[in-house]
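# Commentary on secondary and tertiary structure
As a plain string of letters, each chain reads:
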Amino acid sequence: MVFYLLARYNKFMEKKKLISIVVPMYNESEGLHNFLEVLFSNLNQIKNYDFEVVVVNDGSKDDTYEKLKQEQNNYPQIVLVNLSRNFGHECAVSAGLNTALGDAVIPMDADLQDPPELISKLIEKFEEGYDVVNAKRSSRKDDTSFKRNTASMFYKIIGKWSNKVKISENVGHFRLMSRRVVDQVIALNDYVKVLRVEVPYVGFKTTEVEFVRAPRNAGKTHYNLKSMTDLALDSIISTTPQPLKFIKGFAIGFTLITLLSLISQIIMFTLHLCSVISIDTVYMLIWLVINILLLIGSFILVSLGIMAEYEARIFMEAQKRPFYIIESVIRK
């Protein structure tokens, strides 16, 4: 009986694990209340864990920050991080990771396209011993044909060029990371922050949980074509120097083609002099010169463009500026 009571006492006194939910927000005033209701409704059903919700206001221009301060009275688990201006989605997530105190951290968006009901499944896999549990979209059928094709192309390119770093397909920010993974991600001092690249780079035991992505809760997406293009470029350039090697390969191939063209021209011109074939020498030379100049010019421009992308990132890294600036952190 004594041992039974002692065991119950130890279980009662055992500290619950803390799970941090990191939510970056930018102009999410319209759907904010509904998101928090759905989120906390799901979190309240998960027993034996404590939760904190680290909401990062990424310089919103609407009344998102004011509404968050009001909601904090209803949900004291909210940790409100206010950035001094808009730094971008990736930096806002990074600010949340640095603020989160949990034994595990789950970044997710506030539009309910990352379903809160999946959190319990992520935690189950975490308890099975996985350090990273990716939430993977099971299908992209609701996306436009253009978006599906470009996404497929992106994952094929980065999968081929990323060497030993395996970038999971159709996985965004929504995932669970153990404390040691979060600490290692924070330690990566890259100026260009891309979480979907940094987490695979860190490694550790990883698994996936599939889900169907729901329509956006409210408002409009902040990811337009330019944002998606920038993210793809940042992902590739921060992962591999392969585009620079591609220039070298292209240059070698172009040189060989040019040499073959010159050899062919010499042979044809010799046959013309020997009256074996008849060609209009002037027009042939003009056409050849124009094409060579165009090809060389295009190659130079493409080469300069790719090198400029890397040089721009070297410039940003050399500045050593902070990824974000926190104006205030409010805990209840």
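Keep in mind that this is a model prediction, so the values were computed, not measured.

In this section: the overall build of the protein. Secondary structure assignment for the protein yields eleven helices and eight strands. Of all intrachain contacts in the protein linking residues separated by at least 6 positions in sequence, the fraction that spans at least 24 positions is 83%. Total accessible area computed for the protein in this model is approximately 19300 Å², and 60% of it derives from carbon and sulfur atoms.

Here we come to helix H4 (residues 89-99). With nine of eleven residues buried, H4 is to be regarded as a mostly interior element. Residues of H4 that are buried: Glu90, Cys91, Ala92, Val93, Ser94, Ala95, Gly96, Leu97 and Thr99.

As a further point, take the confidence of the model for the protein. Low-pLDDT stretches of the model should not have their predicted coordinates read in fine detail. Of the residues in the protein, 61% have a pLDDT of 70 or more, and the chain-wide mean is 75. Long-range and interchain partners of residues 1-13, a stretch whose pLDDT sits below 50, account for zero contacts in this model, where long-range means more than four residues apart.

We now examine the nonpolar core. Core analysis: the largest hydrophobic core is formed by 36 residues, its most contacted members being Ile21, Phe35 and Ile119. Counting residues per element, this core draws most heavily on helix H2 (residues 32-43), which supplies six residues. Grouped together as the second largest cluster of nonpolar side chains are 25 residues, Val56, Cys91, Ala100 and Val182 included.

The element strand E5 (residues 132-137) is extensively covered by neighbouring structure, given that six of its six residues are classed as buried. Residue alternation in E5 divides its side chains into two sets, Val132, Asn134 and Lys136 and Val133, Ala135 and Arg137, and both sets are buried. Of the pairings in the sheet, the one linking E5 to strand E7 (residues 206-211) comprises six bridges and is parallel in character. Of the residues in E7, the one forming a bridge with Asn134 is Glu208.

In this section: helix H8 (residues 195-202). In terms of burial, H8 is a largely internal element, seven of the eight residues being buried. Burial in H8 covers these residues: Leu195, Arg196, Val197, Glu198, Val199, Pro200 and Val202. Looking at the residues trailing H8, positive phi occurs at Gly203, about 90°.

Take the environment of Val197 next. Mapped onto the elements of the fold, Val197 is located in helix H8. The spatial distance from the C-alpha of Val197 to the C-alpha of Lys166 is 8.6 Å, given a sequence separation of 31 residues.

For the rest of this paragraph, the subject is the packing of aromatic side chains. Applying the stated criterion across every chain yields a total of two aromatic pairs. Centroid distance Phe40 to Tyr75: 4.3 Å. Interplanar angle 5°. Geometry classified as stacked. Placement of the pair is Phe40 in helix H2 and Tyr75 in the loop between helix H3 (64-74) and strand E3 (78-83), with a sequence separation of 35 residues. For the pair Phe40 and Tyr75, one class covers both residues: buried.

With that settled, the discussion passes to the environment of Lys69. With respect to the element layout, Lys69 can be found in helix H3. Separated by eleven residues in sequence, Lys69 and Leu80 have C-alpha atoms that sit 7.6 Å apart.

Our next topic: the side chain of His173. Turning to its location among the elements, His173 is positioned in strand E6 (residues 171-178). The exposure class of His173 is buried, given its relative accessible area of 7%. A polar atom in the side chain of His173 sits 3.0 Å from the side chain of Glu90.

What follows deals with empty space enclosed by the protein. In this structure the tally under the stated criterion is one cavity of 30 Å³ or more. Of the pockets and cavities examined, the largest cavity occupies roughly 30 Å³. The wall of the largest cavity is formed by Glu90, Val93, Ser94, Leu97, Val185, Lys193, Leu195 and Glu198. With four residues, the single largest contributor to the lining of the largest cavity is H4.

Attention now moves to the side chain of Thr64. Within the element layout of this structure, Thr64 appears in helix H3. Judged by relative accessible area, Thr64 falls into the buried class, the value being 0%.

Calculation notes
- Residues numbered from 1 in each chain as written.
- Predicted model: local features only at pLDDT ≥ 70, side-chain atom pairs only at ≥ 80, totals over all residues.
- Heavy atoms only, no water.
- Helix = DSSP H or I, 4+ residues; strand = E, 2+ residues; numbered from the N terminus.
- Contact = heavy atoms within 4.5 Å.
- Areas by Shrake-Rupley, 256 points an atom, 1.4 Å probe, with all protein chains shown as cover.
- Buried < 20%, exposed > 50% of the residue type's maximum accessible area, 1.4 Å probe, protein only.
- pLDDT = per-residue confidence, 0-100.
- Core = buried A, V, L, I, M, F, W, Y, C linked by side-chain atoms within 4.5 Å.
- Pairing = 2+ DSSP bridges.
- Phe/Tyr/Trp six-rings, centres within 6.5 Å; stacked < 30°, edge-to-face > 60°.
- Polar contact = N/O pair within 3.5 Å; in protein donor to acceptor, adjacent residues only side chain to side chain.
- 1 Å grid on protein atoms, 1.4 Å probe; cavity = no way out; pocket = protein on both sides within 12 Å on 5 of 7 lines; lining within 4 Å.
- Points joined across faces, edges and corners; volume = space filled by probe spheres on them.

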